[in-house]
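Given next are the chains, with one letter for each unit.
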Amino acid sequence: ARGERIDRALREVDEVVGSGELALADVGRLTFTRRMISETLRTYAPAWLISRRTNQAVTLGGVKLPAGVSVLISPYALHRDPTLYDEPDVFDPDRWLPERAAHIPRPAFIPNPTCLTPNAVLAASPAVSSIARNSVVPTACLPGFESHR
């Protein structure tokens, strides 16, 4: 399955970009690539724990917190919560198809702990597609996979 997803992402980049340079208008058309990035960031969060400080009194999960309190958030635990994600331990890029992603509460996905916004996924698409177009995917270390490109 992993090799098939890699092939699919490479085909998408080839179909969308062709032999030219990636343009901003192309990024929105890299739908599978964006789903792969989202699922990778969900499964392998860049930070396992982040902290924030409340700047005003707030209620989180039914708990009242005063201003100035430190709050710890675990993207790792959040992204594997079975009440938020079906089969949270399964790598499934299609969970980010619009009809399925609509059932995931927006605060349940923290792809980039520095800005806490899904725009990080959109920002990563050009880099990933450029790497995919100009690199050989190193599959020699993945048993059972053929070389790509």
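Look up a bit, the structure's there.
Below, the structure is looked at part by part. (Residues numbered from 1 in each chain as written. Predicted model: local features only at pLDDT ≥ 70, side-chain atom pairs only at ≥ 80, totals over all residues. Heavy atoms only, no water.)

## Notes on the overall build of the chain
Here comes step 1: In terms of helices and strands, the chain carries 6 helices and 4 strands.
Here comes step 2: When its helices and strands are written in sequence order, the chain yields α-α-α-β-β-β-β-α-α-α.
Here comes step 3: A buried classification covers 36% of the 149 residues belonging to the chain.
Here comes step 4: Within the chain, contacts between residues at least 6 apart in sequence are counted, and of these 54% link residues at least 24 apart. (Helix = DSSP H or I, 4+ residues; strand = E, 2+ residues; numbered from the N terminus. Buried < 20%, exposed > 50% of the residue type's maximum accessible area, 1.4 Å probe, protein only. Contact = heavy atoms within 4.5 Å.)

## A closer look at helix α3 (residues 31–43)
Here comes step 1: Helix length check: α3, at 13 residues, gives a terminal C-alpha distance of 18 Å against a target of 18 Å (1.5 Å per residue), a fit within 8%.
Here comes step 2: Among the 13 residues in α3, 10 count as buried, and that is most of the element.
Here comes step 3: The complete set of buried residues in α3 reads Phe32, Thr33, Arg35, Met36, Ile37, Ser38, Glu39, Leu41, Arg42 and Thr43. (Expected span 1.5 Å × (residues − 1).)

## A closer look at the side chain of Glu39
Here comes step 1: Its place among the elements puts Glu39 in helix α3.
Here comes step 2: Side-chain polar atoms of Glu39 contact the side chain of Trp96, separated by 2.9 Å.
Here comes step 3: Those residues within four positions of Glu39 in sequence are excluded, and the remaining contacts are Val90, Phe91, Asp92, Pro93, Arg95 and Trp96. (Polar contact = N/O pair within 3.5 Å; in protein donor to acceptor, adjacent residues only side chain to side chain.)

## Structural notes on the pattern of salt bridges
Here comes step 1: Applying the stated criterion across every chain yields a total of 4 salt bridges.
Here comes step 2: Between Asp94 and Arg35 there is a salt bridge, with its nearest N and O atoms 3.0 Å apart. In this pair, Asp94 sits in the loop between α4 (75–78) and α5 (98–101) while Arg35 sits in helix α3, placing the two residues 59 residues apart along the sequence.
Here comes step 3: A residue is classified by how much of its surface remains accessible, and Asp94, at 24% relative accessible area, is partly exposed.
Here comes step 4: Looking at Arg35, the relative accessible area reads 9%, which means it is buried. (Salt bridge = Lys/Arg side-chain N within 4 Å of Asp/Glu carboxyl O.)

## Topic: the side chain of Thr54
Here comes step 1: Inspection of the secondary structure puts Thr54 in the loop between β1 (50–53) and β2 (58–60).
Here comes step 2: At a separation of 2.7 Å, a polar atom in the side chain of Thr54 contacts the main-chain carbonyl oxygen of Pro66.
Here comes step 3: Each residue touching Thr54, except ones within four places of it in the same chain, is listed here: Leu65, Pro66, Ala67, Gly68, Val69 and Val71.

## Digging into the environment of Ser38
Here comes step 1: Here Ser38 shows up in helix α3.
Here comes step 2: Each C-alpha atom, one on Ser38 and one on Asp94, is 9.9 Å from the other, the two residues being 56 residues apart in sequence.

## Things to note about unusual backbone geometry
Here comes step 1: Although it is not a glycine, Glu87 adopts a positive phi angle of roughly 45°.
Here comes step 2: Residue placement: Glu87 occurs in the loop between α4 and α5.

## Digging into the environment of Tyr44
Here comes step 1: For Tyr44, the position within the fold is in the loop between α3 and β1.
Here comes step 2: Between the C-alpha atom of Tyr44 and that of Pro111, which follows or precedes it by 67 residues, the distance is 9.3 Å.

## Here's the deal with the packing of aromatic side chains
Here comes step 1: Taken as a whole and assessed by the stated rule, the structure comprises 2 aromatic pairs.
Here comes step 2: Each ring, one from Trp96 and one from Phe109, has its centre 4.6 Å from the other, and the planes form 40°; the classification is tilted. Linking Trp96 in the loop between α4 and α5 with Phe109 in the loop between α5 and α6 (119–134), this pair joins segments that are 13 residues apart in sequence.
Here comes step 3: A relative accessible area of 8% means that Phe109 is categorised as buried.
Here comes step 4: The lysine or arginine in question, Arg42, covers the ring of Tyr85, its NZ or CZ lying 5.2 Å from the ring centre. (Phe/Tyr/Trp six-rings, centres within 6.5 Å; stacked < 30°, edge-to-face > 60°. Lys NZ or Arg CZ within 6 Å of the ring centre and 35° of its normal.)

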